[in-house]
Structure formats: C-alpha cells, structure tokens
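Chain by chain, the residues:
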Amino acid sequence: MNVATKLGAYALGLAAVFGGALGVGALTGPVGADSGTSQTTGHVEGGHGGGGSSHGGGNTPTPLPGGLQVSQDGYTLNPRTTTIPAGRRTDFRFTVTGPDGKPVTRYTPLHGKRLHLIIARRDLSGFQHLHPTEAGGGVWTIPLTLPDPGAYRFFTDVRPEGAPKQLTLGTDITAPGDYEPTPLPSPAQVAEVDGYEVRLDGALVPGRSSRITLTVSKDGRPVTDLEPYLEAYGHLVALRDRDLAYLHVHPDGEPGDGRTRPGPSITFYAEVPSTGTYRLYLDFQHKGKVRTAEFTATAGAGQAVPPQDDHGGGDHRHAD
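We now turn to the structure provided with this report. (Residues numbered from 1 in each chain as written. Predicted model: local features only at pLDDT ≥ 70, side-chain atom pairs only at ≥ 80, totals over all residues. Heavy atoms only, no water.)

## Quick notes on the sheet that holds strand 9 (residues 167-175)
Logical step 1: Reading across from one edge, 5-4-8-9 is the order of the four strands in this open sheet, with antiparallel pairing throughout. Looking along the sheet, the strands with just one partner apiece sit at the ends: strand 5 (128-130) and strand 9. Put simply, the sheet's adjacent strands are angled 20° from each other on average, direction ignored.
Logical step 2: Relative to strand 9, strand 8 (residues 150-158) is paired through nine bridges, and the arrangement is antiparallel. Looking at strand 9, one finds that Tyr-152 is bridged to Ile-173. (Pairing = 2+ DSSP bridges. Helix = DSSP H or I, 4+ residues; strand = E, 2+ residues; numbered from the N terminus. Axes fitted to C-alpha atoms, helices over the stretch in contact; angles between N-to-C directions.)

Structure below.
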C-alpha cells in the first residue's frame with residue numbers, strides 16, 4: 001500500500017471516530033463549563049466544581065466538551081496550513097477570527113498568557129504545550145516540530161476581549177508519511193521523567209468534581225521547591241481517548257496565596273464528561289526547566305487509579 005493510500009484510509013478512520021465523538025459529546029456535557037456554556041476555564045475556585053453539570057435536564061441541549069469544534073460562538077481557528085512535514089522544524093501560523101470575520105487582536109490573558117497552543121497526535125502521543133507570539137494583525141506564529149507522521153489535534157485556549165468566556169477551539173493538522181500508532185500505555189500511578197518520579201492519587205468520577213493529587217519526588221526525596229509556572233505550581237491537561245475531548249484545569253491554590261506550598265504535592269479538581277480512558281499531562285517547573293509527566297487513567301467503571309484515603313486526602317489538599 002503506498003503512502004497516499006495509507007493516509008486516505010487513516011483519514012476515513014478519523015472521520016468515523018470524530019463523527020462518533022460528536023454524538024457522545026452531545027450526551028456527556030461540558031468540561032469545566034459554566035451552566036449553559038460550551039467551555040470555560042477549567043480552574044475550579046475554592047476546590048468546588050465549576051457549574052455546567054453533565055446531567056442534562058428537560059429539552060435543554062447539553063454543550064459539547066471543549067476542543068471538539070473548530071468554531072464556537074462566532075470565533076474560528078484558522079491555520080495557514082493543514083499539513084506540516086514530519087520531523088522538520090516549521091513556522092506554524094494561524095489566526096482566530098471573530099464574529100465579524102476579522103482576525104482577533106485583543107485577548108484577555110489566561111494564566112499569564114494571551115494564547116495557549118496544545119498539540120497531541122490522535123493516538124495521544126507527541127504532547128506539546130506552546131505559547132505562540134503575535135506577528136501582527138492577529139497572526140500567531142510558533143516554530144514547532146511534529147516528530148512523527150500522523151494526524152495531530154491542535155487546540156487553542158483563548159478568551160478574546162469582550163467574549164463572555166474562555167474558548168477551546170480544535171483542528172487537525174497532518175504530518176504526511178507512514179503512520180504507525182503508538183499503543184496507549186496502561187493505567188499506572190507513577191510516571192518518571194528526567195529522573196523525577198510523579199505519583200498520581202485519586203479517581204476520575206464522571207459528572208462530578210474529582211479531586212486528584214500529583215506528588216513530585218527526585219532521587220527518593222520529595223521536591224519541596226517547585227517553581228511557579230503559568231501562575232501555578234502545576235498545569236494539567238486531560239484528553240479523552242479516541243475523540244480527544246479536552247479538559248484543562250489548574251490546581252487548588254496558587255503561589256503567594258498564603259496556604260499553597262511549592263510541593264511536593266499539587267492538588268487538582270477536575271470534572272470529566274463521561275466514563276472512558278483519559279491521558280493526563282502534568283507540566284511542572286523545577287530548577288528553571290518545565291517537564292511533563294504523563295499518565296493514563298480511567299473514569300467510571302474499572303477505575304485504575306484508586307481514590308486517596310481520608311488521611312492522605314487531607315494532607316494533600318494544600319500541597320503539603
């Protein structure tokens with residue numbers, strides 16, 4: 001089978017999965033959204049779940065989870081190209097157009113940045129969290145490399161000035177070539193990255209705010225001097241397997257609030273829209289470098305990450 005044939009078959013498979021995702025999303029409800037909205041910031045204030053319960057009521061339609069739409073509320077993500085060569089550093093450019101059809105030039109910052117660009121291949125590998133710069137006229141640019149062939153999902157977290165809420169828009173970008181999917185790792189409580197060990201405690205429970213704690217250690221000793229990154233001691237993104245529904249949360253507490261310690265533990269509150277498998281990506285900064293620890297976790301029946309006991313849960317709430 002030649003490359004073109006392989007990519008064509010792969011694209012058809014994606015269309016089937018994405019079409020199914022829309023049907024599922026219509027039933028599951030928002031990811032950290034306010035009531036009656038499609039997507040807001042995932043930051044849960046005071047340790048309580050945001051509005052937007054996933055329980056539908058009456059005939060009111062339930063919004064889709066974040067990241068499944070390229071357009072929302074009149075705003076559209078417009079990449080200058082939908083193809084990037086695999087393994088080659090490329091200047092990727094895009095705009096977000098508003099209801100008037102013109103590129104948006106004014107944004108309300110989210111966690112210290114005007115725009116966040118999240119990238120993951122459709123098999124949940126190749127995660128990147130980037131912060132493009134504006135080249136002028138509402139055009140955003142970032143040099144990036146897609147390491148392997150395949151279809152990648154590009155998400156933008158933005159809040160255009162005047163927009164009532166945060167938007168997570170998503171589109172697919174293809175790196176042509178022979179696609180070899182990476183099997184999703186099995187659920188595990190411990191991840192290792194650059195000599196650091198990160199432990200995940202807690203359970204994802206569909207339809208309600210779930211408390212999870214990530215604890216960072218190095219060489220067997222707890223890391224108690226994590227550095228602020230994006231106005232927090234950790235940044236967490238969760239993507240649902242198959243359709244890549246997007247969940248974006250920040251931890252309970254923030255640097256300088258008088259109660260949150262810089263490690264070793266970071267507590268998050270997350271609301272997942274459905275049962276299923278999720279890939280979690282924790283960004284944390286230590287000694288001037290940002291690292292990403294990745295986990296596979298299941299929500300609902302057959303949860304692979306057990307909840308904390310009462311004693312451990314109490315100790316972790318304020319990142320003790």
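## Details of the side chain of Arg-240
Logical step 1: Counting through the fold element by element, Arg-240 comes out in strand 14 (residues 235-240).
Logical step 2: Overall, the relative accessible area of 4% leaves Arg-240 in the buried class.
Logical step 3: Separated by 2.6 Å, the side chains of Arg-240 and Asp-243 make a polar contact. (Buried < 20%, exposed > 50% of the residue type's maximum accessible area, 1.4 Å probe, protein only. Polar contact = N/O pair within 3.5 Å; in protein donor to acceptor, adjacent residues only side chain to side chain.)

## Looking at the pattern of salt bridges
Logical step 1: This model, assessed by the stated rule, comprises 14 salt bridges.
Logical step 2: A salt bridge links Glu-134 to Arg-114; the nearest nitrogen and oxygen atoms lie 2.9 Å apart. You can see Glu-134 sitting in strand 6 (residues 133-136) and its partner Arg-114 sitting in the loop between strand 3 (90-97) and strand 4 (116-121), a full 20 residues away along the chain.
Logical step 3: Between Arg-153 and Asp-172 there is a salt bridge; the shortest N-O distance is 3.1 Å. Of this pair, Arg-153 sits in strand 8 while Asp-172 sits in strand 9; the two residues are 19 residues apart in sequence, bridging distant segments of the chain.
Logical step 4: Judged by relative accessible area, which is 24%, Asp-172 ranks as partly exposed. (Salt bridge = Lys/Arg side-chain N within 4 Å of Asp/Glu carboxyl O.)

## Section: the pairing of strand 14
Logical step 1: Strand 14 sits mainly inside the fold: six of its six residues count as buried.
Logical step 2: Along strand 14, one buried face is formed by His-235, Val-237 and Leu-239 and the opposite face, lined by Leu-236, Ala-238 and Arg-240, is buried too.
Logical step 3: As judged from the six bridges shared by strand 14 and strand 17 (residues 276-286), these two strands associate in the antiparallel manner. The residue bridging His-235 from the neighbouring strand is Asp-283, located in strand 17.

## Looking at the pairing of strand 10 (residues 190-193)
Logical step 1: Side chains of strand 10 alternate between two faces, with Ala-191 and Val-193 buried and Val-190 and Glu-192 left unburied.
Logical step 2: Here strand 10 runs beside strand 11 (residues 196-202); their pairing, made up of four bridges, is antiparallel. Bridge assignment links Val-193 to a residue of strand 11, and that residue is Tyr-196.

## What to know about the packing of aromatic side chains
Logical step 1: Tallied over the full model, the rule gives six aromatic pairs.
Logical step 2: An aromatic cluster of at least three residues, connected via ring pairs, comprises Phe-92, Phe-94 and Phe-154.
Logical step 3: In this structure, Lys-218 packs its charged tip against the face of Tyr-196, placed 4.8 Å from the ring centre. (Phe/Tyr/Trp six-rings, centres within 6.5 Å; stacked < 30°, edge-to-face > 60°. Lys NZ or Arg CZ within 6 Å of the ring centre and 35° of its normal.)

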